[in-house]
Amino acid sequence: MLDKTFNPGAIEPVIYTAWEKAGAFACDPKSAKRPFCIAMPPPNVTGSLHMGHALNHTLQDILTRFERMRGRDVLWQPGTDHAGIATQMVVERNLAAEKTDRRALGRAKFIERVWQWKAESGGTITRQLRSLGASPDWSRERFTMDEGLSAAVRKVFVSLHREGLIYRDKRLVNWDPKLHTAVSDLEVESRETKGSLWYIKYPVVGRDGEYVTVATTRPETMLGDTGVAVNPEDARYKHLIGKHVALPLTDRRIPVVADEHADPTAGSGAVKITPAHDFNDFEVGRRHNLPLINIFDRDAKLNDGVPAPYRGLDRFAARKQVLADLEAAGLLEKTEPHTLMVPYGDRSGVVIEPWLTDQWYVNAKELAKAAIEAVERGATVFVPRQWENTFFEWMRNIQPWCISRQIWWGHQIPAWYAPDGRVFVEETEDAAKAAARAHYGNDVVLTRDDDVLDTWFSSALWPFSTLGWPEETIELSRYYPTDVLVTGFDIIFFWVARMMMMGCKFMGEVPFKTVYIHALVRDERGQKMSKSKGNIVDPLAIIGKYGCDALRFTLTALAAQGRDVKLAESRIEGYRNFATKLWNAARFAEMNECRLDPKFDPAKAKLTLNKWIAGSLVQAALRATEALEAFEFNAVAETLYHFTWGTFCDWYVEFAKPLLTGTDAAAKTETRAMTAWVLSRLVHLLHPIMPFVTEELWKHLTDGRGGLLIQGQWPALNAALVDHDASAEMDWVVALIAQIRTARAEMNVPPAQEIAAYVTEAGGEKKDWLVRHDALIRRLARLSRVHPVDAAAPAKQNTIQVVVEGASLLLDFAGAIDIGKERARLQKEAQGVRAELDKIAAKLGNEQFLAKAKAEAVEEQRERQAEARAALSRLDAALARIGGA
């Protein structure tokens, strides 16, 4: 017997253990079944489960369970990322607590400590994914630093280097002055900062008293200026193009160049060009052959490339000194307050510096060609399709990819340097020594490059390296290309595009057929979750409070394509109640002896009610299946929610109660069998979204003899089960009762108060339906009597009209409520809603509000407007029923 309430905390761990013991997650490479593969985006080994993970892995798990139940051989390939900088920082903090550091340990010992940390603490995220109900093939879990993947990384690096697609170059990078490494754009956090815009006068050489004024937010970098750019169409400066200006505080002269990078409407229209410390300036400098002067060292202190008074100063101290000296020289024209976005390292928390340094690069432009072509011809399809435009925009404007990092934890670059600086790139040190010996004619001392590869480099190989490449494994031939990648839009460029490039290059085909892009999980007001705002929702805490199924269903229901998820705890609580509703329906069935009958054929049902519920289930199953195939996750949840809570629990169960407790043995037997059959199909349909409660219910439905639901079959229901006559009849009865209930609620009729109804119109079959279902209608609509068409109608001032297709009824509220008072109440409410709508319209029509307000605030106002309009529509409909305006 089912417990009175579902206890997720007690049941979920037991069920998950049963799944794992049964090998329910395992793929079978030797199977004759059609394969289906998803490569799990590897979470950082340092990570803990957050709501982004919860959404991403819930959607992957839904697809995995769905296809597994459809009879496919499913591989959901799990694994974790070594997360170079993040992991190194964790271990370095541990060392600091021991009063030591990595340099004191040395590289080899430090790497040992990282592996030790990984063994002890690196499994946190995968344990937490189990709490979410994720069902990947854990027996095949991979790690981006395991030996197989490391071999793949070395082979790819060496191959690309031999083709000239990996090379060394001196370019600008995002430099972290605290961590002393280049970092990717994804590791840079732009923060809105209130700063200043300083206007500096650069004297024009040979024209006494004439200046070019430049505006800058970083005056300290002027010491590295090698040019001033003006727009070629800017009449103010045309006469100065080709001339020189004296660079203040130095003894250098720099040219005035014409370049469209200079915006005549911004600042003074003239732009200082510092090619070694600004990404845009770097490109301008290349176009005009301007020299690159690096004025910072690795700590972002000024180096010997600047005048003596500024050497050794921190960049911000140098800023103050430069401004003081400019003002003293009369060259600081003015200062204006200015809001700007400042780049910070997301790990170090310090301002990132564009810095000129030697690094390893991938010729991404060349590799991007095949990836672009693959998406153009539809080999890979993005869902929603508009993300293809983002993909193309990034890929067609792609820059060289900096792949080297100045840290110790990661894939050390397989490059060795001879004493004369010549580099030998090989997969092993022995191969590098052999190459050097062949070149020099004798052995030479080789020194390995200290740098490691960008974490995204090994991640780019994930879809095929996890399957055994470069070995020709059975898994590689069977599961590559994978079917679907589920990921967030923020890493389309950093990860998706790079997997496309590497897959096309080394496998000769795309790594996945479909890329499903989900949105961000935000708080209930639409704001991005962050520690500083204090609005982070912890998925593990939510699971502990409401159960895993409630969280999964909430995320699924809110996962509309192209729309961010606004997560409110009240929604999660609501879907916990949905799980309870399903549980209670199963208890009701159990208490009424509704047991699965293997001989039962729903197509042979005789009762209209049972024909209706069978057909309704088929329609819901077909809609849910179509929605899953189209990655319309919210539509799946909505369809199953409305069928379960509405059609089955609220209507069918209530309609069935008299039959289950009545004296008609045949009707009782059929209804018991139909109830159990529908429940059994329903738990199958809900299982991919709500795996735990459905597994537990399946065990009870089958008395533990039905095997595991996770290994069951997706319902393949015959559309012929839809009886259109039965559907029309019962849907009409449902609509009639719902209309009467709505009218009662609008008029504030006490729930227990029975009222009379008078049929004023009912043609043909509707009249028959009213008679046939009279007892049901009266019981569920709380009516004392339904008077036939020819009965004398009550006084009009005490009634309101209810119209349902083909029939019209008057509800007599005499003695139940005061119609006049209710009319006045509704009119007052409508007046208040109209006033609220006027306020919202004024705000949304205010250009100042729209200019200053954040997108979330504007969206919130639009949502309030939509809610108010819906409320007003309901009030107007209620007033129309009782003749009020």
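About the cut-offs
- By convention here, each chain's residues receive numbers from 1 onward along its written sequence.
- At least 70 in pLDDT is required for a residue's local features to be given in this predicted model, at least 80 for side-chain atom pairs to be given and counted, and no such filter applies to totals for whole chains, interfaces and linings, which use all residues.
- Note: side-chain values were computed over all heavy atoms of the structure, leaving out hydrogens and water.
- Per the convention used, a helix needs a DSSP run of H or I reaching at least four residues, while a strand needs a run of E reaching at least two, with both numbered from the N terminus.
- Relative accessibility decides the category of a residue: with a 1.4 Å probe and only protein chains considered, values under 20% of the type maximum give buried, values over 50% give exposed, and everything between is partly exposed.
- Contact between two residues is taken to exist if any of their heavy atoms lie within 4.5 Å; hydrogens are not considered.
- For the area figures, the Shrake-Rupley method with a 1.4 Å probe applies, and any residue is considered shielded solely by the protein chains shown.
- Asp and Glu count as negative and Lys and Arg as positive, but His and the ends of the chain are not part of the count.
- Taken as the charge centre is NZ of Lys, CZ of Arg, CG of Asp or CD of Glu, depending on the residue.
- The span expected for a helix works out to 1.5 Å for each residue beyond the first.
- Space inside and on the surface of the protein is sampled on a 1 Å grid over the protein atoms alone, with a cavity defined as a set of points where a 1.4 Å probe fits but cannot get out and a pocket as an open set with protein on both sides within 12 Å along at least 5 of 7 lines; lining residues have an atom within 4 Å of a point.
- Grid points are joined across faces, edges and corners, and a volume is the space filled by probe spheres set on the points.
- Residue classes follow a fixed rule: Ala, Val, Leu, Ile, Met, Phe, Trp, Tyr, Cys and Pro count as nonpolar, while Asp, Glu, Lys and Arg count as charged, and any other residue, Gly among them, counts as polar.
- In this description, a nonpolar core means a group of buried Ala, Val, Leu, Ile, Met, Phe, Trp, Tyr and Cys residues linked to one another through side-chain atoms lying within 4.5 Å.
- By arc we mean the arc of the directions from the helix axis to the C-beta atoms, nothing more.
- Aromatic pairing here means that ring centres of Phe, Tyr or Trp (its six-membered ring) are within 6.5 Å. Orientation follows from the plane angle: under 30 degrees is stacked, over 60 is edge-to-face, and everything else is tilted.
- For a ring to carry a charge above it, either NZ of a lysine or CZ of an arginine must fall within 6 Å of the ring centroid while also lying within 35 degrees of the normal to the ring plane.
- We count a salt bridge whenever a side-chain nitrogen from Lys or Arg sits within 4 Å of a carboxyl oxygen from Asp or Glu.
- For two strands to be treated as a pair, DSSP must find no fewer than two bridges joining them.
- Look down the strands so they point away from you; if the path from the first strand over the helix to the second goes clockwise, the crossover is right-handed.
- Fitted lines through C-alpha atoms serve as axes, helices being fitted only where they are in contact, and the angles separating the N-to-C directions of these axes extend from 0 to 180 degrees.
- Roughly parallel means an angle under 35 degrees; roughly antiparallel, over 145; roughly perpendicular, 65 to 115; everything else is oblique.

The next point concerns the overall build of the protein. Along the backbone of the protein there are 29 helices and 29 strands. Summarising its shape, the C-alpha atoms of the protein cover approximately 110 × 70 × 55 Å along the three principal directions. Here the protein holds 885 residues, and the buried ones make up 53% of them. Looking at the protein alone, contacts between residues at least 24 apart form 78% of all its contacts between residues at least 6 apart. For the protein, the computed accessible surface area is about 39200 Å², with 48% contributed by carbon and sulfur atoms. Of the side chains in the protein, 112 bear a positive and 116 a negative charge, and the two mean positions are spaced by 3 Å.

Turning next to helix α16 (residues 492–506). Helical geometry: 3.6 residues make up each α-helical turn, so side chains three or four residues apart lie on a common side. Along its 15 residues, α16 runs 20 Å from first to last C-alpha, staying within 8% of the 21 Å computed at 1.5 Å per residue. The buried fraction of α16 is high, at 14 of 15 residues. Downstream of α16 by a residue or two, Gly508 has a phi angle that is positive, lying close to 80 degrees.

This structure, assessed with the given rule, holds 2 cavities of 30 Å³ or more. If you trace the largest cavity, you find it lined by Gly84, Ile85, Glu187, Arg405, Ile407, Trp409, Val452, Leu453, Asp454 and Thr455. Those elements that provide at least two residues to the lining of the largest cavity are α3 (84–97) and β21 (452–453). Of the pockets and cavities examined, the second largest cavity occupies roughly 30 Å³. Forming the boundary of the second largest cavity are Leu55, Tyr516, His518, Ala519, Ala559, Ala560, Arg563 and Val565. By residue class, the composition of the lining of the second largest cavity is 6 nonpolar, 1 polar and 1 charged.

Here we come to the nonpolar core. Burial of nonpolar side chains together is a common tendency in soluble globular proteins. Counting 150 residues, the largest nonpolar core has Trp612, Phe648, Phe655 and Leu811 as its most contacted members. Sort the elements by how many residues they give to this core and helix α21 (residues 633–661) lands first, with 13 residues. Of all hydrophobic cores here, the second largest spans 63 residues; its members include Phe157, Phe457, Leu467 and Phe494.

Turning our attention to helix α1 (residues 8–21). When the terminal C-alpha atoms of α1 are compared, their 20 Å separation across 14 residues agrees well with the 20 Å that a helix rising 1.5 Å per residue should span. Taken as a whole, α1 has its buried residues at Pro8, Ile11, Glu12, Ile15, Tyr16 and Trp19. End-on view of α1: buried residues confined to an arc of 125 degrees, all on one side of the axis. Projecting away from the buried face of α1 at angles above 90 degrees are the exposed residues Gly9, Val14 and Lys21. Buried residues in α1 make contact with α2 (51–69), α6 (124–131), α17 (539–546), α18 (548–558), α19 (569–591) and α23 (691–701). Downstream of α1 by one or two residues, Gly23 has phi in the positive range, about 65 degrees.

Another point: the packing of aromatic side chains. Tallying each qualifying case throughout the model produces 37 aromatic pairs. Relative to Phe655, the ring of Trp612 has its centre 6.0 Å away and its plane inclined at 45 degrees; by these criteria the two rings are tilted. Here Trp612, found in helix α20 (residues 608–629), pairs with Phe655, found in helix α21; they are 43 residues apart in sequence, far enough to count as distant. Comparing Trp612 with Phe655, the two get one shared label, buried. Consider the rings of Phe648 and Tyr652, whose centres lie 5.8 Å apart with planes at 15 degrees: the pair is stacked. With Phe648 and Tyr652 both in helix α21, this residue pair falls 4 residues apart, about one helical turn. What makes Phe648 buried here is its relative accessible area of 0%. Accessibility expressed as a relative area gives 0% for Tyr652, which makes it buried. Members of the aromatic cluster, each reached through a chain of ring pairs, are Phe553, Tyr575, Phe578, Tyr641 and Trp645. The ring of Trp19 carries the charged tip of Arg65 above its face, separated from the ring centre by 4.4 Å.

This structure, assessed with the given rule, holds 54 salt bridges. Among the salt bridges present, the one from Glu573 reaches Arg576, with a minimum N-O distance of 3.8 Å. Here Glu573 and its partner Arg576 are both found in helix α19, 3 residues apart, which amounts to about one turn of the helix. The partner of Glu729 in a salt bridge is Arg772, with the nearest N and O atoms 2.6 Å apart.

Regular strands place their side chains on alternate faces of the sheet. The buried fraction of strand β22 (residues 482–488) amounts to 7 of the 7 residues, a majority that puts the element mostly inside the structure. Here β22 pairs with strand β23 (residues 512–518) via 6 bridges, running parallel. Paired with Gly488 across the bridge in β23 is His518. In this fold, the crossover linking β22 to β23 by way of α16 has right-handed handedness.

What follows concerns the sheet that holds strand β18 (residues 415–417). The antiparallel open sheet is built from 3 strands, whose spatial order is β19-β18-β20. Of all the strands in the sheet, just β19 (423–425) and β20 (447–448) have a single pairing partner and so form its edges. When β18 meets β20, the two strands line up antiparallel, connected through 2 bridges. Looking at the pairing, Tyr417 lines up with Thr447 of β20. Taken strand by strand, helix α12 (residues 429–440) contacts β18 and β19, and its axis lies near 135 degrees from that of β19.

So, on to the sheet that holds strand β28 (residues 799–804). Taken together, 4 strands build an open sheet; the order of strands is β27-β26-β29-β28 and the sheet is mixed. Sheet topology places β27 (783–787) and β28 at the edges, where each strand pairs with a single neighbour. The mean angle between the axes of side-by-side strands here comes to 25 degrees, regardless of whether they run parallel or antiparallel. Note that β28 and strand β29 (residues 807–812) share 6 bridges and pair antiparallel.

Before going further, it helps to spend a moment on the packing of helix α7 (residues 147–162) against α16. Closest axis-to-axis distance for the α7/α16 pair is 12 Å, and the angle between their directions is 75 degrees. Judged on the interaxial angle alone, α16 and α7 are roughly perpendicular. Contacts between α7 and α16 involve Val156, Ser159 and Leu160 from the former and Met502, Lys505 and Phe506 from the latter. Residue composition of the contact of α7 with α16, grouped by class: 4 nonpolar, 1 polar and 1 charged.

Function cannot be inferred from these measures alone, as they are strictly geometric.
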